[in-house]
Amino acid sequence: MMRPHRNHPLWFAFVLHRVSGLALALFLPVHFYMLALALRAPERLDGFLRWAELPLVRLAEGGLVFLLAVHLFGGLRLLALEFLPFSPRQKALAAGAVSAAVLVSGLFLLSAV
Amino acid sequence: MPRSIEFERHDTDILILGSGGAGLFAALHAQQTAPAGTRITIAVKGLLGKCGCTRMVQGGYNVALGPGDSVERHFMDTIHGGKWLPNQDMAWRLCEQAVVRVRELENEVGCVFDRNPDGSLHHKAFAGQTADRTVHKGDLTGIEIINRLMEQVLSRPVERLQEHRAIGLIPTPDGAALSGVLMIDMRSGAFRLVRARAVLMATGGGPSMYRYHTPSGEKAMDGLAMALRLGLPLRDMEMVQFHPTGLLAGDHTRMTGTVLEEGLRGSGGYLLDHQGRRFMFDHDPRGERATRDVVSRGIYAEMRRNENPDQLGVFISMAHLGPDNVRRMFPGMVKRCADCGFDLAGGLVEVVPTAHYFMGGVVVDPDTRSGIEGLYVAGEDAGGAHGANRLGGNGVANSTVYGGIAGEVMARDIARLRALREPDAAVLEAEIDRALRPFAQPAGHVQELRHRLQEIMWDDVGVMRTAAGLERGIGRVAEIAGELAGTGIAAQSRAFNPTWHDWLNLASLTEVSEVIARAALARENSRGAHFREDFPEPGDLDASSFTVARRSGDAVEVTREPVRFTIVRPGETILPEGEPETLVENP
Amino acid sequence: MADNGQLEVSVWRGDSGSGRFESFRVPAEDNQTVLDVVSWIQQNLAGDLAYRFACRVGMCGSCAMTVNGTPRWTCRTHVKKVARNNRLTIAPLANLPVIRDLATDMDPFFARWIGAGGRFVPQRTRDDPVAPVRPDSPGRQAADAGIECINCGVCHAACDTVAASPDYLGPAPLQRAWTLVNDERHGARGAVLAAVSGAGGCHNCHSMGNCTAHCPKELDPLRAIAGLKRATFLGAFGKEI
Amino acid sequence: MLDLRLYIAQRLSAMVMAPLMVVHIVVMIIAVQGGLSAAEILSRTQGSVFWFLFYGLFVAAASLHAAIGLRVIVHEVTGLRGAGLTVLTWAVFGVFFFMGARAVTAVTML
Ligand SMILES: Cc1cc2nc3c(=O)[nH]c(=O)nc-3n(C[C@H](O)[C@H](O)[C@H](O)COP(=O)(O)OP(=O)(O)OC[C@H]3O[C@@H](n4cnc5c(N)ncnc54)[C@H](O)[C@@H]3O)c2cc1C
Ligand code: HEM
Ligand code: SF4
Ligand code: F3S
Ligand code: FES
């Protein structure tokens, strides 16, 4: 499956962006659904939030923040690429976007425990 | 038609063979000039715009647009370069129209040639010229020209027959006019007769019958071989230009023979023999900076003298200019050499003279009309404009100027050439039989025969010639022709069969090789690209004549015709009085 | 080179319908390109092996193939650079219809080239002087950056968006469009921007950069396409670029 | 299958979301530190015009953005095109927008 012509940072950045975008698109409706419960059945939300205290779930949530951060910074990189004067240092920027995402989600996880 | 082999038919108004500078310009001008509804078809052996030599042009395009330059000066340089053999009317038209063509390339076709900082065209000095005259796009001028022309043609209603190889010019039964062209659709292997009211042959010569050669791989003198079989007269057939510095990397690689550019010597590169000694000053006071023919002979002489069996050629050395400098000045060349394992910037690269351009060709008038009604010839296939030698930069000028002229002339002539003409069935049949011949012979090794032809031409009909060598060469070429006729190919499918086309290439090359040798034998003096060791003098310029070869039956006949000095005589000039001889600092 | 002086070469044989790999042993040589290997097989073992080349020096862009999974020009790819354990796998270029064996039909590629508006429209004629163009002007520099494309189709074969989206014009045609947008002499800049703004236009590019990573001429279509996106975006808000 | 119009919509929505998401993430980090509860979230947001506009804008932008994003992915993976693709794009937008709007009203009104 992995063909050698894809073996470079910008292609990985593309995949990461697509996967994170897709995951967000799947997660967000779920997230909206949970919040909407606050109106119609607050006790179920509280139950959910208690469940969300579980470490595993925390980790998963951290993962989602990670996805959001990845997609956000990756998206900012793309916006910069398309709208700001072009910088040939695309690979460095891609790496920067990923590290920023790691940093943010790391922060989130740390503050969660 | 009484034939077992089927062939398909296709009719058009204007048929153009080849998509080099000549073919594409012809298509463009024909389309611009012909009445609406005229069918224009371009047939080409490779993909449109992606084959042929125009695309490989590096140095640039000669045009008298530089400071102080004039058409007269360009013309005089062309005549001097051609050693008084050019057809002067053609040379004049070339120089005069080059100006229009370059403006057209820039303003209408969309090419951008390199500029000076103030925005004006940059002209560089090419060897043998008395003015800075050559416009260029870096050292990849041909890519710019052909890409832009290709876009213009692709976006117009011009019919394309790609990977269609012309194999025979088919006359009418009375032989008075051309009916059409027999082709092989290389993808399917089918034969196809394309009839047209006017046909342009622009298949671009290409002397690839030499052991070392520069032209693109599909070029094999098909056009001249077809003209020969039709009985058309060919002129200056002894005139093969060798480029002094072709890469030498072994017989097994297609890189061998490809050009290392002129500029390397021009900017101070050394040529070294096997002991590391600079030898060019033994041959000419200008050393490595002497003209192409002189340097080619110098290298050839050195190669003959050399007794080191491990070294065939000589070395080009750039390192004394500073490897980093070299890398900066010639990035393309350095990278190309590095890709095939050589260090041009810091090391030695082995080079040999390599067959580059063919001055000879079909006899035509300055309107590109050939001796038979309905056939036009332009570009490297046409003889006359260059005489004994072509100036660097005049090749692409020639193909684009005359291709454009051909397009206009054909578009006008078809008003007169109203009807499509019926083909001579016997010629058609003979051409099909000829092409199918290898399928009926026991399988042999085409490539090996080609190598042998290339050795023969290099040894006997090459850079330096003698009567004895040429006669030997003629005999050996005939042997190859005989062997080829009995050599078959193993793969029997006609669809996309490269070995079949190798066979056909070799057939064309062999036919033309014989003519080169016979013309060379007939010219008992040395002019430009043609050098006879037994007749080293140029002979009386005032009595200059050019060779005309023609085939009748199986025999090739070479006659001589006096050059007509229609514009200027030897010893005279058309430059205004008081004009300096040269405008270049170090010519 | 090879211990036994041999290369193991696997070559894709077939047509648009079906095909398979066939193995050949080819003598290894010192200065040998992938094109030389293919030629040797055709000249000695498989006379009807279909492939294409012309210039043999990286100018015509006819010889591109997939070599060990990667699209490349073969005439300038040294075997030493790509062979793994003296093995080579050679297949036709991806994302184009196969005619036979290693030869693809490049017409769809050129149709896109023209479809992207990739043709100069004049504002002057052959009777006018050549337009002055300052080589250091930003427009000229941007155009020069992409002008040496040899239309080899390597980027087209490398781009996964081309593979996924048959309407997508692809990197090389878009890059040509960008050179025209920046050519101050071009008479139809608006038409080029319109041509690259449709359903198959530049906006489909995901900046994955396979094109730039593999272009044998070291051009940067990724950058050119980003330029087109910006220009069309600004153009939509009435700003000339 | 992404023309200039869709591209503009997708990039503008991304530009709108970017600052919103930065704020959101920061708030989340702060919130998580105290441990989340429904009551806490609601007390922060309910009745607030600011948060209504904040999340409302986000929902609108995200619906647009995600609908176009999924459209691209679906086209490239399945080859779907034409009317089918348009219907899908609007359907995704509709579902997103409806669910998002419900969540925003739930969180910020009442
Ligand atoms: C490496 C190199 C560098 C050069 N550099 C320069 C330079 O710097 N300046 C300069 O002025 N000149 C240069 N030349 C010479 C110049 O390229 C040629 O003189 C000129 O381009 C010839 O143009 P053409 O149109 O006649 O032929 P080509 O451009 O060669 O085109 C011939 C066309 O005919 C097709 N064809 C061939 N046989 C058949 C057939 N049987 N059926 C159908 N189609 C066929 C070919 O495929 C091709 O498309 C150079 C040549 C080479 C090889
Ligand atoms: C937070 C700010 C966001 C920014 C800056 C952003 C930016 C981008 C950009 C620039 C693209 C185009 C990528 C391309 O063409 O390849 C994109 C695609 C996408 N985005 Fe976002 N986005 C953001 C938030 C979101 C959210 C919240 C979602 C989910 C609902 C999302 C889902 C998607 C999807 C599915 C794609 C398509 C991916 C693809 O085509 O490969 N994005 N995003
Ligand atoms: S951009 Fe590069 S890879 Fe693409 S066609 Fe042009 S030269 Fe080839
Ligand atoms: S590989 Fe394709 S997606 Fe864009 S950056 Fe190049 S065209
Ligand atoms: S043969 Fe021309 S680029 Fe390779």
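Residues numbered from 1 in each chain as written. Chains lettered and ligands numbered in written order. Predicted model: local features only at pLDDT ≥ 70, side-chain atom pairs only at ≥ 80, totals over all residues. Heavy atoms only, no water.

(A) The arrangement of the overall build of chain A in detail. Across its full length, chain A holds four helices and zero strands. Going through the 113 residues of chain A one by one, you find that 45% of them count as buried. Put simply, 71% of the contacts in chain A that link residues at least 6 apart link residues at least 24 apart. With the model as given, the accessible surface of chain A reaches about 6,000 Å², and the carbon-plus-sulfur share is 76%. (Helix = DSSP H or I, 4+ residues; strand = E, 2+ residues; numbered from the N terminus. Buried < 20%, exposed > 50% of the residue type's maximum accessible area, 1.4 Å probe, protein only. Contact = heavy atoms within 4.5 Å. Areas by Shrake-Rupley, 256 points an atom, 1.4 Å probe, with all protein chains shown as cover.)

(B) Quick peek at the interface of chain B and chain C. With 71 residues of chain B at the contact, the number on the chain C side is 69 residues. Across the chain B to chain C interface the summed buried area is about 5,800 Å²; carbon plus sulfur atoms make up 51%. It is B:Lys50, B:Asn107 and B:Arg254 that lose the most area in chain B upon contact with chain C, and together they represent 14% of the buried surface on that side. Linking chain B with chain C are nine salt bridges, by the criterion used here. In this structure, C:Arg126 engages B:Glu104 in a salt bridge whose closest nitrogen and oxygen atoms are separated by 3.4 Å. Where chain B meets chain C, there are 51 residue pairs in polar contact (both at pLDDT 80 or more). Counting residues per element, the ones that place at least two in the side of chain B that touches chain C are helix H1 (21-33), helix H3 (88-109), helix H4 (141-154), strand S5 (159-162), helix H9 (331-339) and helix H14 (498-522) of chain B. The element that contributes the greatest number of residues to the side of chain B that touches chain C is H4(B), accounting for eight residues. Taken together, the residues of the side of chain B that touches chain C sort by class into 23 nonpolar, 24 polar and 24 charged. (Buried area = accessible area lost by both parts, 1.4 Å probe. Salt bridge = Lys/Arg side-chain N within 4 Å of Asp/Glu carboxyl O. Polar contact = N/O pair within 3.5 Å; in protein donor to acceptor, adjacent residues only side chain to side chain. Nonpolar A, V, L, I, M, F, W, Y, C, P; charged D, E, K, R; others polar.)

(C) The arrangement of the interface of chain D and chain A in detail. On the side of chain A, 29 residues touch chain D, which itself brings 32 residues to the contact. Interface area for chain D against chain A, summed over the two sides, is near 2,900 Å², with a carbon-plus-sulfur share of 78%. The tally of links from chain D across to chain A stands at two salt bridges. Here D:Arg11 ties to A:Glu82 by a salt bridge, and the two come within 2.8 Å at their closest N and O atoms. Counting across the chain D and chain A interface gives three residue pairs in polar contact (both at pLDDT 80 or more). When contributions to the side of chain D that touches chain A are tallied by element, the ones reaching two or more residues are helix H1 (4-34), helix H2 (38-45), helix H3 (49-78) and helix H4 (82-108) of chain D. When residues in the side of chain D that touches chain A are grouped by element, the largest group, 12 residues, is from H1(D). In terms of residue class, the side of chain D that touches chain A is made up of 25 nonpolar, four polar and three charged.

(D) View of the domain arrangement of chain B. Residues and elements named next belong to chain B. According to the domain assignment, chain B contains domain 1 (241-356) and domain 2 (436-537). Taken over C-alpha atoms, the centre of domain 1 sits 27 Å from the centre of domain 2. Opposite the 11 residues of domain 1 that make contact, domain 2 presents 10 residues. Contact between domain 1 and domain 2 buries roughly 980 Å² in total, counting both sides, with carbon and sulfur atoms accounting for 66%. Summed over the three residues of domain 1 that lose the most area to domain 2, namely Phe242, Arg297 and Tyr300, the buried surface amounts to 59% of that side. Where domain 1 packs against domain 2, one counts one salt bridge. A salt bridge links Arg304 to Glu533; its shortest N-O distance comes to 2.9 Å. (Domains from an automatic or database assignment.)

(E) Just the environment of A:Leu81, in detail. Looking at the element boundaries, A:Leu81 is found in helix H3 (residues 55-83). Residue A:Leu81 is classed as buried on the basis of its relative accessible area, which comes to 3%. Among residues more than four places away in sequence, those in contact with A:Leu81 are A:Phe86, A:Gln90, C:Ser207, C:Leu222, C:Ala226 and C:Arg230.

(F) Region of interest: the sheet that holds strand S14 (residues 361-362) of chain B. All names here are of chain B. Read from one edge to the other, the open sheet built from four strands follows the order S14-S9-S16-S17, with strand pairing classed as antiparallel. Looking along the sheet, the strands with just one partner apiece sit at the ends: S14 and strand S17 (555-562). Relative to strand S16 (residues 545-552), strand S9 (residues 234-235) runs antiparallel, the two sharing two bridges. Pairing of Arg235 across the sheet is with Val548, part of S16. (Pairing = 2+ DSSP bridges.)

(G) Up close: the coordination of the iron atom of ligand 2. Around the iron atom of ligand 2, the protein contributes the donor atoms A:His71 (NE2) and D:His65 (NE2), at 1.9 to 2.0 Å from the metal centre. If you look at the iron atom of ligand 2, its six donor atoms make angles of 86 to 179° with each other, and the shape they trace is octahedral. Here A:His71, found in helix H3, pairs with D:His65, found in helix H3, and the two come from separate chains. In this pair, the class of A:His71 matches that of D:His65, namely buried. (Donors = N, O, S within 2.8 Å, 3.2 Å for Na, K, Ca; no water. Tetrahedral: all angles 85-135°; square planar, octahedral: opposite > 155°, others 65-115°.)

(H) Up close: the pairing of S17(B). Residues and elements named next belong to chain B. Across eight bridges, S16 lies against S17 in antiparallel orientation. Considered in S17, the bridge of Ala549 is made with Val558. With antiparallel pairing between neighbouring strands as the criterion, S16 and S17 make up a hairpin whose turn holds two residues, including Gly553 at a positive phi of roughly 65°.

(I) Layout of the site of ligand 1. Residues and elements named next belong to chain B. Taken together, 37 residues surround ligand 1, and among them Cys53, Thr54, Glu218, Lys219 and Tyr357 come closest. One nitrogen or oxygen atom from the side chain of Glu218 is found 2.8 Å from an oxygen atom belonging to ligand 1. If ligand 1 stood free it would expose 1,000 Å²; the protein chains cover 98% of that surface. Elements that contribute at least two residues to the shell around ligand 1 include exactly H1, strand S6 (164-171), strand S13 (348-358) and helix H10 (394-413). When residues of the shell around ligand 1 are assigned to their parent elements, the largest contribution, four residues, is made by H10. (Near = heavy atom within 4 Å.)

(J) Structural context of a nonpolar patch on the surface. Residues D:Val49, D:Phe52, D:Leu53 and D:Met109 make up a contiguous nonpolar surface patch of about 380 Å² in total accessible area. Relative to the helices and strands, D:Met109 is located in the segment after H4. (Patch = residues over 30% accessible without salt bridge, like charges linked within 9 Å, V, L, I, M, F, W, Y side chains within 5 Å.)

(K) Region of interest: the packing of aromatic side chains. Counted according to the given criterion, the structure contains 25 aromatic pairs over all chains. On the numbers, 4.9 Å between centres and 75° between planes, the contact of D:Phe54 with D:Tyr55 is edge-to-face. D:Tyr55 sits in the buried class, given a relative accessible area of 17%. An aromatic cluster is defined as three or more aromatic residues linked by ring pairs; in this entry it consists of B:Tyr210, B:Tyr212, B:Phe242, B:Tyr300 and B:Trp458. Of note, B:Arg101 hangs over the ring of B:Phe25, and the distance from its end group to the ring centre comes to 5.2 Å. Positioned above the aromatic ring of B:Tyr357 is the side chain of B:Arg390, whose terminal nitrogen or guanidinium carbon lies 4.2 Å from the ring centre. (Phe/Tyr/Trp six-rings, centres within 6.5 Å; stacked < 30°, edge-to-face > 60°. Lys NZ or Arg CZ within 6 Å of the ring centre and 35° of its normal.)

(L) Representation of the environment of B:His213. Its location among the elements puts B:His213 in the loop between strand S8 (190-201) and helix H5 (222-230). A C-alpha to C-alpha distance of 9.0 Å links B:His213 and B:Tyr357, two positions 144 residues apart in sequence. Those residues in contact with B:His213 that lie beyond four places of it in its chain are B:Pro207, B:Ser208, B:Thr256, B:Gly257, B:Thr258, B:Thr354, B:Ala355, B:Arg450, B:Gln454 and C:Arg56. Reaching out from B:His213, the side chain makes a polar contact with the backbone oxygen of B:Tyr210 at a distance of 2.9 Å.

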